[in-house]
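One letter stands for each residue in the lines below.
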Protein chains: 2
Amino acid sequence: MASEFDIIQRYFDNHADGVRLGVGDDGALIDVGGGRDLVITTDTLVSGTHFLSSEDPYSIGFKSVAVNLSDLAAMGATPQYVLLAITLPFSDEAWIERFSEGLYSLLNRYGVTLVGGDTTQGDVLSITLTAIGSVNPDDALRRDQAISDDDVWVSGLIGLGAVGLSIQEGTLRFSKKDEEDFLLRLHKPNPRVELGEKLAGIANAAIDISDGLVADAWHVADESDVQIVIDFETIPTHRVLNSSRRDQNIKNCILGGGDDYELLFTANTDAAEQIGNIARELDLTLTRIGKVRSGSGVIVRDDGEELTVSFQRGFDHFAKRK
Amino acid sequence: MASEFDIIQRYFDNHADGVRLGVGDDGALIDVGGGRDLVITTDTLVSGTHFLSSEDPYSIGFKSVAVNLSDLAAMGATPQYVLLAITLPFSDEAWIERFSEGLYSLLNRYGVTLVGGDTTQGDVLSITLTAIGSVNPDDALRRDQAISDDDVWVSGLIGLGAVGLSIQEGTLRFSKKDEEDFLLRLHKPNPRVELGEKLAGIANAAIDISDGLVADAWHVADESDVQIVIDFETIPTHRVLNSSRRDQNIKNCILGGGDDYELLFTANTDAAEQIGNIARELDLTLTRIGKVRSGSGVIVRDDGEELTVSFQRGFDHFAKRK
């Protein structure tokens, strides 16, 4: 629903005092005079849209923190503070306690402090977190800094969250053990906080994969005024998906699935060794999946063909290049 | 629903680096090293709880900013940035445009910049704003700094928002012209931003009147470990309510109505002249309504009696002092 926010931004002045980067990236960058820029982001999870009302409140609390810390990670920021606004359709202490445990497990992991909040009664359970971090102004990762000839990288494995959703919805089935892997990724994604901090000053552009690999690559290409070419075969995914990666459902999960919260980033080819060292330090798979070149949009190379994608029409509407 | 938030805060560490004041005041105070403290606050408005779905979207946008700027004003802060998270059950450009106009009319009045947001689809219209301002650390107004023998002041007129709500619900009626006054206050409250800025460094404690005059005075008394005594006769209200201020409905609106977004503050008696000057500068009524003394809770003096109030049981459960 980007168009609604576009209208809201109609009169938006991006050049206000102290605002280095406003609406449009994963977070805003604000110079408050303390040497490091503030990075601020907000995300809402709504029952029925982002989670089922029957879901374990632990994972709802966990995920509401994860999606916001993921946005800070995509800016290269160190998370520091969150505010929590929660709308509750019920008063259930056991539910709240379990929700709190999930929330705090991730806040405590990163030493993040809850500094404010608002508890409201309403008909639908809804959670809005605002997360605040900081970054050296020169090192902040942005969507609009990808440079032609950069390598395109992703962290971790891609498509697992979307496969988890398909399992939850009953449209895909795997062994019980494998299904647990996918559902864990869907319900308790790990925001790549340490990776974002280490990439600050090394990567040129970054985004977290929340809308889908191709859609998020498209955001980077569009904001940076470049073209991103992705080799489908190189995209890392779960071992049980590898042999079936050309199955249309699985392919859609890999290219279009949104709930991975991995980072996609671009970096100069010279940075490959440093990036390899970061991968070893963090014990995290970092994989080159493509290149940046002049042009526009996203192209997926698959089986000898180059397919273009129209972001407006969605990830699954590919067309052969003319 | 304070108890839910209490549980969420169970493991809350108020002493994290840089956090001067965390959960519990109108906003958090954070030292980010730039000389001025950041003040951060978040508030949610939900359809059916805080406004009717049929309400003019202009006033919904206006009020969602007003309630957050009011919290910043109660801290003595200058507002600077907001983030908007909105959940929409529909896609209606005309609605969004009118909502934006209301939102921006108040943002522009105070030179506040929208720096981020999130637009979500969901079943119930819900708006969460996070507002960020700044204040000199020594001047920040807090709930916990009221001192025995302080005067207790309020800005503007009290009870109008609650009377507006009663008119909207059909339980009170006035002339058409007067009803417009009350409904305007309910739908488009004026946050006391300039007053908050001028009181910073002069007042000892402050809060905005969002829960009701007595309930909010109780917050100050409780946090400051003092007693607040209010003279009911001195509380300023709309001229048409004056003759009927002892009518129980009207009295409840004045003592317990929550939607005024005026400031209640305490200050040393010596500051009365400065406060008088501020009132003239801003062309805003500032009225002494009571005193701070040692003890606890809130006492309302009315018609020769001293009535105590239990905040837990609500504003309208008064009892004669023993």
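Residues numbered from 1 in each chain as written. Chains lettered and ligands numbered in written order. Predicted model: local features only at pLDDT ≥ 70, side-chain atom pairs only at ≥ 80, totals over all residues. Heavy atoms only, no water.

Caption draft 1: Representation of the overall build of chain A. From N to C terminus, chain A includes ten helices and 14 strands. A compact globule built from 322 residues would reach a C-alpha radius of gyration of about 20 Å, and chain A, at 19 Å, matches this within 12%. Expressed as lengths along the three principal axes of its C-alpha atoms, the size of chain A is roughly 55 × 55 × 45 Å. When each of the 322 residues of chain A is scored for burial, the buried share is 61%. The long-range share in chain A, meaning contacts at least 24 apart out of those at least 6 apart in sequence, stands at 79%. Carbon and sulfur atoms make up 43% of the accessible area of chain A, which totals about 12500 Å². (Helix = DSSP H or I, 4+ residues; strand = E, 2+ residues; numbered from the N terminus. Rg over C-alpha atoms; globule rule 2.2 N^0.38 Å. Buried < 20%, exposed > 50% of the residue type's maximum accessible area, 1.4 Å probe, protein only. Contact = heavy atoms within 4.5 Å. Areas by Shrake-Rupley, 256 points an atom, 1.4 Å probe, with all protein chains shown as cover.)

Caption draft 2: Structural view of the packing of aromatic side chains. All names here are of chain A. For the structure on display, the rule yields eight aromatic pairs over all chains. Consider the rings of Phe90 and Trp95, whose centres lie 5.3 Å apart with planes at 70°: the pair is edge-to-face. Note on Phe90: relative accessible area 27%, which makes it partly exposed. For Trp95, a relative accessible area of 11% translates into the label buried. Centroid distance Trp95 to Phe99: 5.4 Å. Interplanar angle 15°. Geometry classified as stacked. Taken as a pair, Trp95 and Phe99 lie in helix H3 (residues 93-109) at a separation of four residues, close to a single helical turn. In this structure, Trp95 and Phe99 share a single accessibility class: buried. An aromatic cluster of at least three residues, connected via ring pairs, comprises Phe90, Trp95 and Phe99. Across the ring face of Phe62, the terminal group of Lys188 is positioned such that the distance to the ring centre comes to 5.2 Å. (Phe/Tyr/Trp six-rings, centres within 6.5 Å; stacked < 30°, edge-to-face > 60°. Lys NZ or Arg CZ within 6 Å of the ring centre and 35° of its normal.)

Caption draft 3: Fine view of the relation of the copies chain B and chain A. When chain B is fitted onto chain A, the two copies agree to an RMSD of 0.0 Å after a turn of 180° and an axial shift of 0.0 Å. Here the transformation between the copies is reduced to the relation of a two-fold axis. If distances are taken from each C-alpha of chain B to the rotation axis, the shortest is found for B:Gly34, at 1.9 Å. Looking at chain B, 100% of its interface residues are interface residues in chain A too, so the copies touch through the same face. (Least-squares fit on C-alpha atoms with pLDDT ≥ 70 in both.)

Caption draft 4: Looking closely at the sheet that holds strand S3 (residues 37-46) of chain A. Residues and elements named next belong to chain A. One open sheet holds the six strands; their spatial order is S1-S2-S3-S6-S4-S5, and the pairing between them is mixed. Lying at the two open borders of the sheet, with one neighbouring strand each, are strand S1 (19-21) and strand S5 (113-121). On average, each strand axis in the sheet is inclined to that of its neighbour by 20°, with strand direction left out of account. Bridge count between strand S4 (residues 78-88) and S5: eight bridges; the pairing is parallel. Along S5, the bridge assignment pairs Ile86 with Thr119. Set on the sheet, helix H2 (residues 57-73) makes contact with S3, S4 and strand S6 (126-135); between it and S3 the angle comes to about 145°. (Pairing = 2+ DSSP bridges. Axes fitted to C-alpha atoms, helices over the stretch in contact; angles between N-to-C directions.)

Caption draft 5: Looking closely at the side chain of A:Ser59. Residues and elements named next belong to chain A. Mapped onto the elements, Ser59 comes out in helix H2. Here Glu55 takes part through its side chain, which lies 3.0 Å from a polar atom of the side chain of Ser59. Beyond its immediate stretch of four places on either side in the chain, Ser59 contacts His187 and Lys188. (Polar contact = N/O pair within 3.5 Å; in protein donor to acceptor, adjacent residues only side chain to side chain.)

Caption draft 6: Region of the structure containing the interface of chain B and chain A. If you look at the interface, chain B gives 63 residues, while chain A gives 64 residues. Overall, the association of chain B and chain A removes approximately 5200 Å² of surface from exposure, summing both partners, and the carbon and sulfur fraction of that is 68%. Inspection of the chain B/chain A interface yields zero salt bridges. Linking chain B with chain A are five residue pairs in polar contact (both at pLDDT 80 or more). For the side of chain B that touches chain A, the secondary structure elements donating two or more residues are helix H1 (2-8), strand S2 (28-30), strand S3 (37-46), strand S4 (78-88), helix H3 (93-109), strand S5 (113-121) and strand S6 (126-135) of chain B. Among the elements that line the side of chain B that touches chain A, the one with the most residues is S5(B), at nine residues. Classifying every residue of the side of chain B that touches chain A gives 30 nonpolar, 22 polar and eleven charged. (Buried area = accessible area lost by both parts, 1.4 Å probe. Salt bridge = Lys/Arg side-chain N within 4 Å of Asp/Glu carboxyl O. Nonpolar A, V, L, I, M, F, W, Y, C, P; charged D, E, K, R; others polar.)

Caption draft 7: Representation of the pairing of strand S12 (residues 297-302) of chain A in the model. All names here are of chain A. The buried count for S12 comes to five of six residues, which makes it a mostly enclosed element. As defined by bridge partners, strand S9 (residues 227-231) adjoins S12 across five bridges and the pair is classed as parallel. Each residue of the ladder has a partner; that of Ile230, found in S12, is Val300.

Caption draft 8: Here's a closer look at the sheet that holds S3(B). All names here are of chain B. Reading across from one edge, S1-S2-S3-S6-S4-S5 is the order of the six strands in this open sheet, with mixed pairing throughout. This sheet does not close on itself; its edge strands, each paired only once, are strand S1 (19-21) and S5. The average angle at which neighbouring strand axes cross in this sheet is 20°, direction not considered. Examined bridge by bridge, S1 and S2 share two bridges and lie antiparallel to one another. If you follow Val19 over to S2, its bridge partner there is Ile30. Lying on the sheet, helix H2 (residues 57-73) is in contact with S3, S4 and S6; it crosses S3 at an angle near 145°. Against the sheet, H3 makes contact with S4, S5 and S6, and its axis sits at roughly 165° relative to S4, the strand it touches most.

Caption draft 9: Structural detail: the pattern of salt bridges. Under the criterion given, the structure shown has 42 salt bridges over all chains. Between A:Lys291 and A:Asp151 there is a salt bridge, with its nearest N and O atoms 3.0 Å apart. One end of the pair, A:Lys291, is in strand S11 (residues 286-293); the other, A:Asp151, is in strand S7 (residues 151-155), and 140 residues separate them in sequence. Since its relative accessible area comes to 31%, A:Lys291 is described here as partly exposed. Accessibility expressed as a relative area gives 4% for A:Asp151, which makes it buried. Where B:Lys177 meets B:Asp181, a salt bridge forms, and the shortest distance between an N and an O atom there is 3.3 Å. Placement of the pair is B:Lys177 and B:Asp181 together in helix H5 (residues 176-187), with a separation of four residues, close to one helical turn. Given a relative accessible area of 26%, B:Asp181 falls into the partly exposed group. A single network of salt bridges, built from pairs that share partners, joins A:Asp149, A:Asp151, A:Arg288 and A:Lys291.

Caption draft 10: Broad picture of the pairing of S6(A). Residue and element names in this part refer to chain A. In terms of burial, S6 is largely enclosed, as ten of its ten residues are buried. Neither face of S6 is open: one carries Ser126, Thr128, Thr130, Ile132 and Ser134, the other Ile127, Leu129, Ala131, Gly133 and Val135, and all of them are buried. Two strands pair when backbone bridges link them, and S3 and S6 are joined in this way by ten bridges, in the antiparallel orientation. Following the sheet pairing, Thr41 is matched in S6 by Ala131. In this structure, S4 lies alongside S6, joined through nine bridges in antiparallel fashion.

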